[in-house]
Amino acid sequence: MHDIWKRMLDGNERWLADDRAAARRMATVGGQAPSAMVLSCSDSRVPVEILFGKGVGDLFVVRTAGHTLDAAVIGSIEYAVGVLRAPLIVVLGHDGCGAVAAAIRMVDEDVAPPGHIRDIAERIAPNVRRARAEGAVTAQEIVGRHALYTAEEARRLSVFPIPAECTVAARYDLAGGTVTAVLQPV
Ligand SMILES: [Zn+2]
């Protein structure tokens, strides 16, 4: 057995001993009613449930590099909104985002990352251009704008209506651990 997998299973064993998690598992085994749907970056430093102090059954989470949208992500959002009736949609970006950095590099230097990572950068690049056209200068400002535009696009593409007031775009600070809502302008 792979050493890392072994340690992951050890972690699962420890989690089984957590009475609160066990109670939440039992309470939600019959169905889920998450209080929010969160679309965040896959970055391992952005552990969504942990940073919001949430656990089993609380959040319906979709994570892609750079919280990029594709048909499967939109379908997941539609499921959360239209089927699970999640009352809040949160798009969470973060400083130091490698996906956004790759998109900035694509825009500035015409350098494309390899393989399907290119697809991610290509989906973010229009938001980099738009953010700059609307006054964003730093990578952090672009990250905030990208979250905002992603939330807008999710609302536009979802076949189930998502009211603007039920959507939050936010930025997570890796070092400080704080989450800040992104408002217009950055
Ligand atoms: Zn990221």
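What comes next concerns the included structure. None of these values were measured; they are calculated from a predicted model.

## Details of the sheet that holds strand S1 (residues 36-41)
The strand order across the open sheet built from five strands is S2-S1-S3-S4-S5, with neighbouring strands paired in mixed fashion. Unpaired on one side and paired on the other, strand S2 (59-64) and strand S5 (179-181) mark the two borders of the sheet. Taken over all neighbouring pairs, the strand axes of this sheet differ in orientation by 25° on average, direction set aside. Bridge count between strand S3 (residues 89-94) and strand S4 (residues 167-172): six bridges; the pairing is parallel. Looking at S4, one finds that Gly 93 is bridged to Arg 171.

## Things to note about the coordination of the zinc ion
Around the zinc ion, the protein contributes the donor atoms Cys 41 (SG), His 94 (NE2) and Cys 97 (SG), which lie 2.0 to 2.3 Å from the metal centre. We note that the donor set of the zinc ion lies within a single chain, spaced as C-x52-H-x2-C. Of this pair, Cys 41 sits in strand S1 while His 94 sits in strand S3, and the two are 53 residues apart along the sequence. Just as Cys 41 is buried, His 94 falls in that class too.

## Considering helix H5 (residues 98-109)
Taking 1.5 Å of rise per residue, the 12 residues of H5 would be expected to cover 16 Å, and the 16 Å separating its terminal C-alpha atoms lies within 8% of that figure. Among all positions in H5, only Ala 99, Val 100, Ala 103, Ile 104 and Met 106 are buried. The buried residues of H5 occupy an angular sector of 160° when the element is viewed end-on, so they sit on one face. Where H5 is buried, its residues meet helix H6 (117-133) and helix H7 (139-157). Of the residues flanking the end of H5, it is Asp 110, one or two places downstream, whose phi is positive at about 55°.

## Digging into the nonpolar core
Across soluble globular proteins, nonpolar side chains show a tendency to be buried alongside one another. Counting 19 residues, the largest nonpolar core has Cys 97, Val 100, Ile 124, Val 128, Ile 142 and Ala 169 as the members making the most contacts within it. Put simply, the parts of the chain that give this core at least two residues each are H5, H6 and H7. Per-element accounting of this core gives the leading share, six residues, to H7. Dropping the residues within four chain positions of it, Ala 169 is found in contact with Val 91, Ala 147, Leu 148, Ala 151, Thr 180, Ala 181 and Val 182.

Cut-offs applied
- Residues numbered from 1 in each chain as written.
- Predicted model: local features only at pLDDT ≥ 70, side-chain atom pairs only at ≥ 80, totals over all residues.
- Heavy atoms only, no water.
- Pairing = 2+ DSSP bridges.
- Helix = DSSP H or I, 4+ residues; strand = E, 2+ residues; numbered from the N terminus.
- Axes fitted to C-alpha atoms, helices over the stretch in contact; angles between N-to-C directions.
- Donors = N, O, S within 2.8 Å, 3.2 Å for Na, K, Ca; no water.
- Buried < 20%, exposed > 50% of the residue type's maximum accessible area, 1.4 Å probe, protein only.
- Expected span 1.5 Å × (residues − 1).
- Arc of directions from axis to C-beta.
- Contact = heavy atoms within 4.5 Å.
- Core = buried A, V, L, I, M, F, W, Y, C linked by side-chain atoms within 4.5 Å.

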